[in-house]
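Below, each chain spelled out in residue letters.
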Amino acid sequence: MTSADLDRRLAALGRPFRLIVTGGGTGGHTYPALTAIRTTAARLDRLGVGLDVLWVGTATGLEARVTEREGIPFKTVATGKIRRSSNPLKLASPANIKDMGRVPLGAAQARSIVSDFRPDVVLSTGGYVAVPVGLAAKFCRRPLVIHEQTVRLGLANRALARAATRVAVSSESTLPLLPDSVRASAVVTGNPVRPEVLTGEPDKAIAALGLTGFDRTRPTVYITGGAQGSVQINTTVRAVLPWLLTQANVVHQCGATSIEESRQYATQLPDDLRHRYLVTDFVGPELPDVLALADVVISRSGAGTIAELTALGKPSVLIPLATSAGNEQEHNALHLQQAGAAVALLKDAVTPEGLRDAVAPILAAPERREQMAVQARALGRPDAADRLTDVLLGVAV
């Protein structure tokens, strides 16, 4: 079906389009779903069609706070978390057994919600809550689209893959990992990135953050451990900071728990270095502009971060979170390193010496930064939200 044919069918719908979204727990599952909702609403609005959306999640997950802030109708279902372990005996822990007992209740609640709402399509972005809702979509014969943000399918999407109408993945490298019976229904959309991330301006970052001491003839490094910060990254960076500041300007988002210690350390830097260093607990609305200013990013390698770095074409040094579910951050980091878009620091290599050895060649060679940027952009899909919207609307009409 062509895009024009799809638009004609949607315009003739004669009622609002009905969408159930499920997934959450973390920002990696929640924010792509939110971006998909916004993009779908905008697409339908241009056709004169409304959007009725219902998000099904957990009361304690990030999605509950996001939907309240965004004014999105929200319902909860009971769900259980499977605590993974390499030891099969530990999978039968009392906590796992207790949570597994909640699954039938959640499935019954989800079936009632889907039956009552009668969505045109259900979108699952992963997380434990997605399983009962996705299975309810299958039972109620509603189209189900699952979206995977990471290189490898997460547990929830793995459980739902065979029930899905379409499987949307973020990377070409995911396709060979899918079961043969699922591969035919798979489509590479990329991971939706908030549109504002793509519109940053370096000069706005300089003005908003007061970076008047920055030397614009030097590259700028943006260091982040995510919204909460990372003690591991902060400690490692601090050990090489005096050297790093001889090579570059640095914006360091360290998180609330490390901000006082980091500020105290900054006061001890020589004057000529201190003016090229900004440490802050959190980067908010300025983030798109900070990313635009950055020549190199040092960060974790969660799915959302990878999507932004590749959409923007940013060279990076990636330090995966060792405790990420299914070791997904390491897979993400290695995927970018193999493409020549990043350097991955894994496990024992996360030392001051390891970080310096990783970042020094990138800072020293503008041509290498440009080559890494080209490779990053080759992996990026800044139109991922539009692609995912096409899938959602296409399976529904």
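Above this text sits the structure in question.
An account of the accompanying structure is given in this report. (Residues numbered from 1 in each chain as written. Predicted model: local features only at pLDDT ≥ 70, side-chain atom pairs only at ≥ 80, totals over all residues. Heavy atoms only, no water.)

## What to know about the overall build of the protein
Next, step 1: A count of helices and strands for the protein gives 19 helices and 13 strands.
Next, step 2: Whereas a compact globule of 397 residues would reach a radius of gyration of roughly 21 Å, the protein reaches 22 Å, a difference of no more than 12%.
Next, step 3: For the C-alpha atoms alone, the extent of the protein along its principal axes is close to 65 × 55 × 40 Å.
Next, step 4: Looking at the 397 residues of the protein, the share that counts as buried comes to 50%. (Helix = DSSP H or I, 4+ residues; strand = E, 2+ residues; numbered from the N terminus. Rg over C-alpha atoms; globule rule 2.2 N^0.38 Å. Buried < 20%, exposed > 50% of the residue type's maximum accessible area, 1.4 Å probe, protein only.)

## Observations regarding the sheet that holds strand S11 (residues 296-299)
Whether parallel or antiparallel, the strands of a sheet pair through hydrogen bonds between backbone atoms.
Next, step 1: Spatially, S10-S9-S8-S11-S12-S13 is the arrangement adopted by the 6 strands of the open sheet, whose pairing is parallel. Looking at strand neighbours, the two that pair on one side only are strand S10 (277-280) and strand S13 (342-344), the edges of this open sheet. Between one strand axis and the next, the sheet turns by 15° as a mean value, whatever way the strands run.
Next, step 2: The strands touched by helix H17 (residues 352-364) are strand S8 (220-224), S11, strand S12 (316-318) and S13; relative to S11, the strand with the most contacts, the crossing angle is about 165°. (Pairing = 2+ DSSP bridges. Axes fitted to C-alpha atoms, helices over the stretch in contact; angles between N-to-C directions. Contact = heavy atoms within 4.5 Å.)

## Quick look at empty space enclosed by the protein
Next, step 1: Following the criterion strictly, the structure yields 1 cavity of 30 Å³ or more and no others.
Next, step 2: A volume near 30 Å³ is recorded for the largest cavity.
Next, step 3: Lining the largest cavity are Asn234, Val237, Arg238, Leu241, His252, Ser262, Tyr265 and Tyr277.
Next, step 4: The set of elements that each furnish at least two residues to the lining of the largest cavity consists of helix H11 (231-247) and helix H12 (259-267).
Next, step 5: Per-class residue counts for the lining of the largest cavity are 4 nonpolar, 3 polar and 1 charged. (1 Å grid on protein atoms, 1.4 Å probe; cavity = no way out; pocket = protein on both sides within 12 Å on 5 of 7 lines; lining within 4 Å. Points joined across faces, edges and corners; volume = space filled by probe spheres on them. Nonpolar A, V, L, I, M, F, W, Y, C, P; charged D, E, K, R; others polar.)

## Topic: the pairing of strand S2 (residues 51-57)
Next, step 1: With 5 of 7 residues buried, S2 lies mostly within the body of the structure.
Next, step 2: As judged from the 6 bridges shared by strand S1 (residues 17-22) and S2, these two strands associate in the parallel manner. Among the inter-strand pairings, Leu19 is bridged to a residue of S2, identified as Val53.
Next, step 3: For the handedness criterion, the β-α-β arrangement of S1, helix H2 (residues 27-46) and S2 is classed as right-handed.
Next, step 4: Here S2 runs beside strand S3 (residues 74-76); their pairing, made up of 3 bridges, is parallel. Paired with Trp55 across the strands is Phe74, a residue of S3. (Right-handed = clockwise from strand over helix to strand, strands pointing away.)

## A word on the layout of surface pockets
Over the atoms a probe the size of a water molecule is rolled, and this reveals where empty space is left.
Next, step 1: Taken as a whole, the second largest pocket encloses approximately 300 Å³ of empty space.
Next, step 2: Lining the second largest pocket are 21 residues, with Ser170, Ser171, Thr310, His335 and Leu379 positioned closest to its centre.
Next, step 3: Looking at the lining of the second largest pocket, the elements that each hand over two or more residues are helix H15 (303-312), helix H16 (328-338) and helix H18 (366-379).
Next, step 4: Looking at which element gives the most residues to the lining of the second largest pocket, the answer is H15, with 4 residues.

## Some remarks on the packing of H2 against helix H19 (residues 384-396)
Next, step 1: At a minimum axis distance of 9 Å, the contact between H2 and H19 shows a crossing angle of 70°. When the axis of H2 is compared with that of H19, the two are roughly perpendicular. For the pair H2 and H19, the sense of crossing is right-handed. In this structure, H2 uses Thr35, Ala36, Thr39, Thr40, Arg43 and Leu44 to contact H19, whose residues at the interface are Ala385, Asp386, Leu388, Thr389, Asp390, Leu392 and Leu393.
Next, step 2: Here the contact of H2 with H19 is built from residues that sort into 6 nonpolar, 4 polar and 3 charged. (Parallel < 35°, antiparallel > 145°, perpendicular 65-115°, else oblique. Left-handed = near helix turned anticlockwise from the far one by under 90°.)

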